[in-house]
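So the chains spell out like this:
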Amino acid sequence: MSKYGSFPGTRPRRLRTTPALRRMVAETRLHPADFILPAFVREGIGEPVPIGAMPGVVQHTRDSLRKAAAEAVEAGISGIMLFGVPEEDKKDGLGTPGTDPDGILQVALRDVRAEVGDDLIVMSDLCLDEFTDHGHCGVLDSEGRVDNDATLERYAEMAQVQADAGAHVVGPSGMMDGQIGVIRDALDTIGREDVSILAYTVKYSSAFFGPFREAVGSSLKGDRKTYQQDPANVRESMRELALDLEEGADMVMVKPAGPYLDILARVADAVDVPVAAYQISGEYSMIEAAAEKGWIDRDKAIIESLTGIKRAGAQNILTYWAVEVARRLGR
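Residues numbered from 1 in each chain as written. Predicted model: local features only at pLDDT ≥ 70, side-chain atom pairs only at ≥ 80, totals over all residues. Heavy atoms only, no water.

(A) Inspection of the overall build of the chain at higher detail. Within the chain one finds 11 helices and 10 strands. Computed over C-alpha atoms, the radius of gyration of the chain comes to 21 Å, within 12% of the 20 Å expected from 2.2 N^0.38 for 331 residues, which places it in the range of a compact globule. Along the first, second and third principal axes, the C-alpha set of the chain runs to 85 × 45 × 40 Å. Within the chain, the proportion of its 331 residues that are buried is 51%. Contacts spanning at least 24 positions in sequence make up 74% of the contacts within the chain whose residues lie at least 6 apart. (Helix = DSSP H or I, 4+ residues; strand = E, 2+ residues; numbered from the N terminus. Rg over C-alpha atoms; globule rule 2.2 N^0.38 Å. Buried < 20%, exposed > 50% of the residue type's maximum accessible area, 1.4 Å probe, protein only. Contact = heavy atoms within 4.5 Å.)

Rendered as C-alpha cells:
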C-alpha cells in the first residue's frame, strides 16, 4: 500500500460489486420477444405424449397446441415454429402428408392462426423428413440418394400449402441447393409475397439432433451428411449465407446454436438481415439431464446458455424454454 493510494488504480471489479450495478452495466439482455417456441403436433392422439429424451416437452394434440400457442402470446414471445408428426402408415417415399392440405401440419397451422391470429408469428418447418418413410429430408433417386432437384419441386408445393394454411413464415430446413429461390418463386406465384422465409442457412450434421428424432417420430436410417454441413467447416457456411441472401432469404438461421457460436458470430457480423439461432434438442436435453442429477443449477444454466447465444449475435432464439424463460424475465 503506497502513501499515494492503492495499486492498481483501475479496478474492473468496481462494476461487479452489487446485483443492481451488474444489471446496469450488462451488455447483453434477454427479452421475451427474442424467443421462438418450437412445438410438435402429432396426428391421432387424444392426450399430449411426453418425449422421453426431452423432459418437459411433449408431442401436442391439436387442442393442447392451441393452448400452448395462447400461452406463448401471454408470455410475450415472438413466434412458434410448428413441426407435424403424421400417423406412421401415412408416410411414403414422397412425404405426401407434407403437401396434403389436410395433413397434420397444415391443420395445425390453421388451428393456431384461428387461436392467435397475428398476435404470434406462426412459423412452419418446411421439410420432408417428418413425412417420409425413409426419414430423409428429400426425395430419393433410384440408387437411394437424395435427389436435390426433385426435392425442390416438393418444397415448392409444401411452401404453397403451408402459406395457404396460414403460415406467416416458412422455415426451409432441408439444406437442398437452391431451396430458397424455388420457395420464394413458389410463394410469389400464388400471391403470397407477404410470407417470409427464415432460411436454415447454416445447418450442421450434428450429434446434438438425437432427441429430436424421437420428437418427430423419425424413420431415418443412416445419416444426412450429404446435405447437412460438415462440423469442421467455416467457409462453407459463409458460402451458403451468400447464396441464401441472393435467392431472397428474409432472415437467416444457424443451427445448432451452442456448439457453433463462432459461426453465429461470423454470420451476424456479415449481414444486415435478422439472424436467428436454434438451441436444439440435444442442447436442451444435456442441461435438463445434468440438472436432474444435481450436477448444475438448471435455471442459471438455461439463462447462461441463452445469453451466450444472444451475445454471439442472434436476434432471435428458437428454444424449448421460450415460454418458461419469458415468464421468468417478465417477473
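(B) Representation of the state of the cysteines in the model. For the structure on display, the rule yields 0 disulfides. The structure places no disulfide on Cys-127, whose sulfur is separated from the nearest cysteine sulfur, that of Cys-137, by 3.4 Å. When its relative accessible area of 0% is taken as the criterion, Cys-127 is described as buried. Under the relative-accessibility criterion, Cys-137 is labelled buried at 1%. (Disulfide = S-S within 2.5 Å.)

(C) Local environment of helix H9 (residues 281–292). In this model, H9 (12 residues) spans 16 Å end to end at C-alpha, consistent with the 16 Å of a helix rising 1.5 Å per residue. Most of H9 sits out of view: 9 of its 12 residues are buried. What H9 keeps buried is the set Ser-281, Gly-282, Glu-283, Tyr-284, Ser-285, Ile-287, Glu-288, Ala-290 and Ala-291. (Expected span 1.5 Å × (residues − 1).)

(D) A look at a positive patch on the surface. Taken together, the side chains of Arg-11, Arg-13, Arg-14 and Arg-16 define a basic patch exposed on the protein surface. Assignment of secondary structure puts Arg-13 in the segment before helix H1 (19–24). A relative accessible area of 66% means that Arg-13 is categorised as exposed. (Patch = residues over 30% accessible without salt bridge, like charges linked within 9 Å, V, L, I, M, F, W, Y side chains within 5 Å. Areas by Shrake-Rupley, 256 points an atom, 1.4 Å probe, with all protein chains shown as cover. Salt bridge = Lys/Arg side-chain N within 4 Å of Asp/Glu carboxyl O. Lys, Arg positive; Asp, Glu negative; His and termini not counted. Charge placed at Lys NZ, Arg CZ, Asp CG, Glu CD.)

(E) Fine view of the pattern of salt bridges. Using the criterion set out here, one finds 20 salt bridges in the structure. Note that Glu-43 is salt-bridged to Lys-90, the shortest N-O span being 2.6 Å. Placement of Glu-43 in the loop between strand S1 (35–42) and strand S2 (49–50) and of Lys-90 in the loop between strand S4 (79–85) and helix H3 (104–116) is noted, with a sequence separation of 47 residues between them. Residue classification places Glu-43 among the buried positions, given a relative accessible area of 17%. For Lys-90, a relative accessible area of 39% gives the class partly exposed. Arg-66 is the salt-bridge partner of Asp-63, the closest N and O atoms lying 2.4 Å from each other.

(F) Molecular detail of the packing of helix H2 (residues 62–75) against helix H11 (residues 322–330). It is the contact of H2 with H11, at a shortest axis distance of 9 Å, that shows an interaxial angle of 30 degrees. Considering the angle they form, H2 stands roughly parallel to H11. The handedness of the crossing between H2 and H11 comes out as left-handed. Residue-level inspection shows Glu-71, Ala-72 and Ala-75 of H2 in contact with H11, the latter providing Val-323, Ala-326 and Arg-327. Here the residues of the contact of H2 with H11 are counted per class, giving 4 nonpolar, no polar and 2 charged. (Axes fitted to C-alpha atoms, helices over the stretch in contact; angles between N-to-C directions. Parallel < 35°, antiparallel > 145°, perpendicular 65-115°, else oblique. Left-handed = near helix turned anticlockwise from the far one by under 90°. Nonpolar A, V, L, I, M, F, W, Y, C, P; charged D, E, K, R; others polar.)

(G) Quick look at unusual backbone geometry. In this model, Lys-255 is joined to Pro-256 through a cis peptide bond whose omega is -5 degrees. Turning to its location among the elements, Pro-256 is positioned in the loop between strand S8 (251–255) and helix H8 (261–270).

(H) Highlighting the pairing of S8. With respect to burial, S8 is a largely interior element, 5 of its 5 residues being buried. On S8, burial covers both faces: Met-251, Met-253 and Lys-255 on one face and Val-252 and Val-254 on the other are all buried. Taken together, S8, H8 and strand S9 (residues 275–278) constitute a β-α-β crossover, and its handedness is right-handed. (Right-handed = clockwise from strand over helix to strand, strands pointing away.)

(I) Representation of the packing of H2 against H3 in the model. Interaxial distance between H2 and H3 falls to 9 Å at its minimum, and their mutual angle equals 45 degrees. By the angle class used here, H2 and H3 are oblique. Regarding H2 and H3, the two cross each other, and that crossing is right-handed. Contacts between H2 and H3 pair Arg-62, Leu-65, Arg-66, Ala-69, Ala-70 and Val-73 from the former with Ile-104, Val-107, Ala-108, Asp-111, Val-112, Glu-115 and Val-116 from the latter. Per-class residue counts for the contact of H2 with H3 are 9 nonpolar, no polar and 4 charged.

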